[in-house]
Amino acid sequence: MNHTFFLQGRRLVLATFSSLALLPLAAMSQTFPDKPIRLTVGFPAGSGPDVLARVVGQRLSELIKQPVVIDNKPGAGGQIATLTVARGPADGYNLLLAEAGSVSIAPAAFSKLPYDAAKEFVGVAELAYADFVLAVPANSPYRTLNDMVKANKGKADPLNFATFGAGTPGHFGAAEFGDQAGVEVESVHFRSTGDAITAIMSAQVSGAWISTAVAHAQIKGGKMRALAITATKRSPLLPEVPTTTEAGMPKLRFSAWLGVLAPSATPVALVDALNKRLVESVQSPEVIQKLVDAGFSVTGASTADTDRMLKAEAARWGAIVKSTGFKGD
């Protein structure tokens, strides 16, 4: 037998089968998308993540010539939506508008979480992040962050801070503030953003750390007062509000990322195609302006940078959760 001929023939057959195996995926990526994309959001209509999803989704729809359906599944700090997408098809049409709470914080805060964010998702694109503002009632006795700290340092009675749910950035932001300021803080968890904001405006609680995207309208309208913002520089929406560094707490810095994730088995070619269009969408001038006006800082990152961000944020928030000793179950 001519062994050289046999080996060459075997290689040719293997190469042919390999090429044929790649054909469906190649064809799929060329025609993708050819039907509506569903973008699931874990918060109600009108919330910060919902606003971002609708602004970016509209531009994405224009680029891909297909509808982008925003599917709001609020509840459990975004965990219901996250589980829904994790259990859905990995076909590029099933996407999650993800945020720090259910992906970076929940795995450290809840030992019985029904999904494994690190294993069950792949990062498609980081889109933006939101800084947090300390909002207090309009009639609060505190006019500055220092006023609040000085009045409560060493006291046994805690400050009651509203949150949008256990395991959310505002929850652990409040804990971080208490640790750094040396004041007792007790989190009061509300079922919805609206309920928490109503509690602040009616002075049922001392305040809350709320994303600028959610809080700026009520602050501008005089319904709440802002003491400080966790940003590197002042927000163009609230230019009169000092940063935590300016307010004397330079180590009190936290923000919440927002981006798009897909089930981990989603083909790489489709993830790359989605990343290209999502980054193009979020970085278009009109979208940037709309998101800045809504209180977001726009990013737009490659899949590799998005995965690096996810790992770094899981480690950062995990350390914060561990320092509080919080266990959600």
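Below is a short write-up of the structure. The residue numbers shown here count from 1 along each chain, following its written sequence. Side-chain atom pairs in this predicted model are given and counted only at pLDDT of 80 or more, local residue features only at pLDDT of at least 70, and totals for whole chains, interfaces and linings cover all residues. Values shown for side chains rest on all heavy atoms present in the structure; no hydrogens or waters enter the calculation.

1. Here we look at the overall build of the chain
In plain terms, the rule: Only DSSP runs of H or I reaching four residues or more are called helices, and only runs of E reaching two or more are called strands; each is numbered from the N terminus. Any residue under 20% of the maximum accessible area for its type is buried, any over 50% is exposed, and the rest in between are partly exposed; the area is computed with a 1.4 Å probe on protein chains only. Here the Shrake-Rupley method, with its probe set to 1.4 Å, supplies the accessible areas, and only the displayed protein chains count as covering residues. Charged residues are defined narrowly, with Lys and Arg counted positive, Asp and Glu counted negative, and His plus the chain ends left uncounted. To locate a charge, the coordinates of NZ of Lys, CZ of Arg, CG of Asp or CD of Glu are taken.
Scanning the chain from N- to C-terminus turns up 12 helices and 10 strands. A burial count over the chain gives 50% of its 329 residues as buried. Working note: accessible area of the chain is about 15,300 Å², and carbon and sulfur atoms make up 56% of it. Considering the chain, the positive charge centre built from 31 side chains and the negative charge centre built from 27 side chains are found 2 Å apart.

2. A closer look at the layout of surface pockets
To keep it simple, the criterion reads: Each cavity reported here is a set of points on a 1 Å grid over the protein atoms alone in which a 1.4 Å probe fits but cannot get out, each pocket an open set with protein on both sides within 12 Å along at least five of seven lines, and each lining residue one with an atom within 4 Å of a point. Grid points are joined across faces, edges and corners, and a volume is the space filled by probe spheres set on the points. Each residue receives one of three labels: charged for Asp, Glu, Lys and Arg, nonpolar for Ala, Val, Leu, Ile, Met, Phe, Trp, Tyr, Cys and Pro, and polar for the others, Gly being one of them.
Empty space within the largest pocket amounts to approximately 560 Å³. Lining of the largest pocket is provided by 38 residues; of these, Phe 43, Gly 77, Phe 164, Thr 168 and Thr 193 occupy positions nearest its centre. Listed by contribution, the elements that provide at least two residues to the lining of the largest pocket are α2 (48-64), β4 (121-137), β5 (159-163), α7 (169-181), β7 (208-211), α9 (212-220) and β9 (255-263). Tallied by class, residues from the lining of the largest pocket come to 22 nonpolar, 14 polar and two charged.

3. Section: the environment of Arg 54
Turning to its location among the elements, Arg 54 is positioned in helix α2. On the accessibility criterion, Arg 54 (38% relative accessible area) is partly exposed. C-alpha separation for the pair Arg 54 and Asn 146, spaced 92 residues apart in sequence, amounts to 38 Å.

4. Observations concerning helix α12 (residues 303-324)
Note that an α-helix has 3.6 residues per turn; residues three or four places apart therefore point the same way. For the record, the criterion: What a helix should span is 1.5 Å times the count of its residues minus one. The arc in question is traced by the directions running from the helix axis to the C-beta atoms. Pairs of residues are marked as contacts when any of their non-hydrogen atoms sit within 4.5 Å.
Taking 1.5 Å per residue as the helical rise, α12 with its 22 residues ought to reach 32 Å, and the 32 Å between its terminal C-alpha atoms agrees with that figure. Restricting attention to buried positions, one finds in α12 the residues Thr 303, Thr 306, Met 309, Leu 310, Glu 313, Trp 317, Gly 318, Ile 320 and Val 321. Along α12, the residues classed as buried sweep out an arc of 165 degrees about the axis, all on the same side. Those residues of α12 that are exposed and aimed more than 90 degrees away from the buried face are Arg 308, Lys 311, Ala 315 and Lys 322. Along its buried surface, α12 packs onto α4 (100-109), β4, α7, β9 and α10 (268-282). Immediately downstream of α12, the backbone of Gly 325 shows phi near 75 degrees, a positive value.

5. Re α4
Put simply, the rule is: The definition of a polar contact used here is a pair of N or O atoms within 3.5 Å, where within protein one atom must be able to donate a hydrogen and the other to accept one, and adjacent residues in sequence count solely through side-chain atom pairs.
Summarising burial for α4: eight of the 10 residues are buried, a large majority. Regarding α4, the residues found buried are Ala 100, Gly 101, Ser 102, Val 103, Ser 104, Ile 105, Ala 106 and Ala 109. Packing partners of the buried residues in α4 comprise α3 (79-86), β3 (94-99), α5 (117-120), α7, β9 and α12. The opening residue of α4, the one whose side-chain oxygen lies 2.7 Å from the backbone nitrogen of Gly 101, is Glu 99.

6. So, the packing of α4 against α12
Our working rule: Axis definition: a line fitted to C-alpha atoms, limited for helices to the stretch in contact. Angles are taken between N-to-C directions and run from 0 to 180 degrees. For classification purposes, an angle smaller than 35 degrees is called roughly parallel, one larger than 145 roughly antiparallel, one from 65 to 115 roughly perpendicular, and anything else oblique. Should the near helix be turned counterclockwise from the far one by less than a right angle, the crossing is left-handed, whereas a clockwise turn marks it as right-handed.
For the pair α4 and α12, interaxial distance at closest approach is 8 Å and the crossing angle is 50 degrees. Considered as vectors, α4 and α12 are oriented oblique to each other. Here α4 runs over α12; the crossing is right-handed. Judged by residue contacts, Ala 100, Val 103, Ser 104, Ile 105, Ala 108 and Ala 109 of α4 engage Leu 310, Glu 313, Ala 314, Trp 317, Gly 318 and Val 321 from α12. Among the residues forming the contact of α4 with α12, the class breakdown is nine nonpolar, two polar and one charged.

7. Comments concerning the pairing of β7
What counts is decided by this rule: Being paired, for any two strands, means DSSP has found at least two bridges between them.
On β7, burial covers both faces: Ala 208 and Ile 210 on one face and Trp 209 and Ser 211 on the other are all buried. Both β4 and β7 contribute to a ladder of four bridges, which runs antiparallel. Along β7, the bridge assignment pairs Val 133 with Ile 210.

8. Brief notes about the pairing of β4
Counting buried residues along β4, 16 of its 17 residues qualify, which places the element largely inside the surrounding structure. With nine bridges connecting them, β4 and β9 associate as antiparallel partners. In the sheet register, Tyr 129 faces β9, and the bridge partner there is Trp 257. Taken together, the two bridges between β4 and strand β10 (residues 297-298) define a ladder with antiparallel strand orientation. Directly across from Ala 128, in β10, lies its bridge partner Val 298. One ladder, built from four bridges, connects β4 with strand β8 (residues 224-229); its direction is antiparallel. Bridge pairing links Val 136 to Arg 225 in β8.

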